[in-house]
Amino acid sequence: MRIENSFIPVRGVGETTERRLWEHGITHWDDFDGSVVGDTLADRIEDFIADGRQHLDQGNLTPFAEALPASSRWRLYENVREETCFLDIETTGLDASCNDVTTVSLHRGGETKTFVKDRDLTSDRLTAELESASLLVTFNGQRFDVPFLETCYDIDVTTPHVDLMYPCKKVGLDGGLKAIEQDLGIEREMPDISGRDAVRLWHEYERGDEGALETLVEYNRADTKNMEPLMDRVATRLHEEVFESVQRTA
């Protein structure tokens, strides 16, 4: 499913109206002719489509991300799959005002980068990486990772953002990232460790144990890389449930 299949970013169009459009064969912006809705709403949709085409031509997903509910931002993914950045952080605690970010991993285009506190983890590097991505994907990052980075590194994360926790809930996948991975059969390359273990490993590294840092980085990278197959599976399932189901019954 692509942005061009979506009408819910339009003011006054909810899931029910969008479904009605799809049921009448209007499954893409190219198909819209104003026949299914009233004149006022038709004008809004036509304006949205005209503006939307310009935004897509410019590679600007921000207006769509701002207009879509958090559980529906997965619709942005297919348009910019190769330019999507998956991000996960490790910290020394849960409070950004008194705890530190220890490692940040970013996975994009088959490559994973990890930045480490007091080595190469800087505001400038984070900003450059995020600004070069068309879409940011995290798990619980809307409430944790992004605010933590903004507080600790005084940056403003403006990249359109899909927090996978919300589309996961939409298809009945509850719990943490690792529990959902197990439910879907997504395997990890290393044994699971907890957030508490991540804090312990960092402190062991500070005391001189380089091996502890290596383990922490591997853990952080595994979290980040595994979000890509999770995003693929959840987006596919939602596409089938939200979009293809309408086409089958229309």
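To be clear, the structure that these remarks concern was listed above.
These numbers come from a predicted model, not from an experiment.

Caption draft 1: Focus on the overall build of the chain. In terms of regular secondary structure, the chain is built from 9 helices and 5 strands. Structurally, the chain occupies a C-alpha span of about 70 × 35 × 30 Å along its principal axes. The buried share of the chain, reckoned over its 250 residues, is 50%. Contacts spanning at least 24 positions in sequence make up 64% of the contacts within the chain whose residues lie at least 6 apart. Working note: accessible area of the chain is about 12,000 Å², and carbon and sulfur atoms make up 42% of it. With 27 positive and 51 negative side-chain charges, the chain shows a separation of 3 Å between the mean positions of the two kinds.

Caption draft 2: Inspection of the pairing of strand β2 (residues 101–108) at higher detail. With 7 of 8 residues buried, β2 is to be regarded as a mostly interior element. Bridge analysis of strand β1 (residues 84–91) against β2 gives 6 bridges, and the strand direction is antiparallel. The partner of E90 across the bridge, within β2, is T103. Across 6 bridges, β2 lies against strand β3 (residues 111–116) in antiparallel orientation. Looking at the pairing, H107 lines up with T112 of β3. Hairpin connection between β2 and β3: a loop of 2 residues separates the two successive antiparallel strands, and G109 in this loop has a positive phi of roughly 60 degrees.

Caption draft 3: Region of interest: the sheet that holds strand β4 (residues 135–138). The sheet built from 5 strands is open, its strands ordered β3-β2-β1-β4-β5 with mixed pairing. Each edge of the open sheet is held by one strand with a lone partner, namely β3 and β5 (161–163). Averaged over all adjacent pairs, the angle separating strand axes in this sheet is 25 degrees, with direction ignored. The sheet strands contacting helix α4 (residues 123–131) are β1, β2, β3 and β4, and the helix crosses β2 at an angle near 25 degrees.

Caption draft 4: Up close: the side chain of T103. By secondary structure assignment, the location of T103 is in strand β2. A residue is classified by how much of its surface remains accessible, and T103, at 0% relative accessible area, is buried. Polar contacts involving the side chain of T103 include one to the side chain of N220, which spans 2.9 Å. Setting aside residues up to four positions removed in sequence, T103 forms contacts with D88, I89, E90, T114, F115, V116, L213, L216, V217 and N220.

Caption draft 5: Inspection of the side chain of H107 at higher detail. Of note, H107 is situated in strand β2. H107 gets classed as buried once you look at its relative accessible area, which sits at 5%. Here E111 takes part through its backbone oxygen, which lies 3.5 Å from a polar atom of the side chain of H107. Beyond its immediate stretch of four places on either side in the chain, H107 contacts T84, C85, F86, T112, T224, K225 and E228.

Caption draft 6: Molecular detail of the layout of surface pockets. Roughly 490 Å³ of internal volume is contained in the largest pocket. Around the largest pocket, the lining is made up of 21 residues, and of these D88, I89, E90, F144 and Y219 lie nearest the centre. Where the lining of the largest pocket is concerned, the elements lending two or more residues are β1, α7 (177–184), α8 (195–206) and α9 (210–249). The element best represented in the lining of the largest pocket is β1, accounting for 4 residues. Its residues placed into classes, the lining of the largest pocket shows 10 nonpolar, 6 polar and 5 charged. Taken as a whole, the second largest pocket spans an internal volume of roughly 220 Å³. Lining the second largest pocket are 15 residues, with R73, V157, T159, P160 and H161 sitting closest to its centre. Breaking the lining of the second largest pocket down by element, the ones donating at least two residues are α3 (62–67) and α5 (145–153). Looking at the lining of the second largest pocket residue by residue, the classes come out as 6 nonpolar, 6 polar and 3 charged. Lining the lining of the second largest pocket are residues from two domains, each supplying at least three of them: domain 1 (3–79 + 237–248) and domain 2 (84–235).

Caption draft 7: Geometry of the pattern of salt bridges. In total, this model carries 15 salt bridges according to the counting rule given. Ionic pairing is found between K169 and D174, a salt bridge with its closest N-O pair at 3.6 Å. Using a relative accessible area of 44% as the deciding quantity, one classes K169 as partly exposed. Judged by relative accessible area, which is 46%, D174 ranks as partly exposed. Between R200 and E204 there is a salt bridge whose closest N-O contact spans 2.9 Å.

Thresholds applied
Residues numbered from 1 in each chain as written. Predicted model: local features only at pLDDT ≥ 70, side-chain atom pairs only at ≥ 80, totals over all residues. Heavy atoms only, no water. Helix = DSSP H or I, 4+ residues; strand = E, 2+ residues; numbered from the N terminus. Buried < 20%, exposed > 50% of the residue type's maximum accessible area, 1.4 Å probe, protein only. Contact = heavy atoms within 4.5 Å. Areas by Shrake-Rupley, 256 points an atom, 1.4 Å probe, with all protein chains shown as cover. Lys, Arg positive; Asp, Glu negative; His and termini not counted. Charge placed at Lys NZ, Arg CZ, Asp CG, Glu CD. Pairing = 2+ DSSP bridges. Axes fitted to C-alpha atoms, helices over the stretch in contact; angles between N-to-C directions. Polar contact = N/O pair within 3.5 Å; in protein donor to acceptor, adjacent residues only side chain to side chain. 1 Å grid on protein atoms, 1.4 Å probe; cavity = no way out; pocket = protein on both sides within 12 Å on 5 of 7 lines; lining within 4 Å. Points joined across faces, edges and corners; volume = space filled by probe spheres on them. Nonpolar A, V, L, I, M, F, W, Y, C, P; charged D, E, K, R; others polar. Domains from an automatic or database assignment. Salt bridge = Lys/Arg side-chain N within 4 Å of Asp/Glu carboxyl O.

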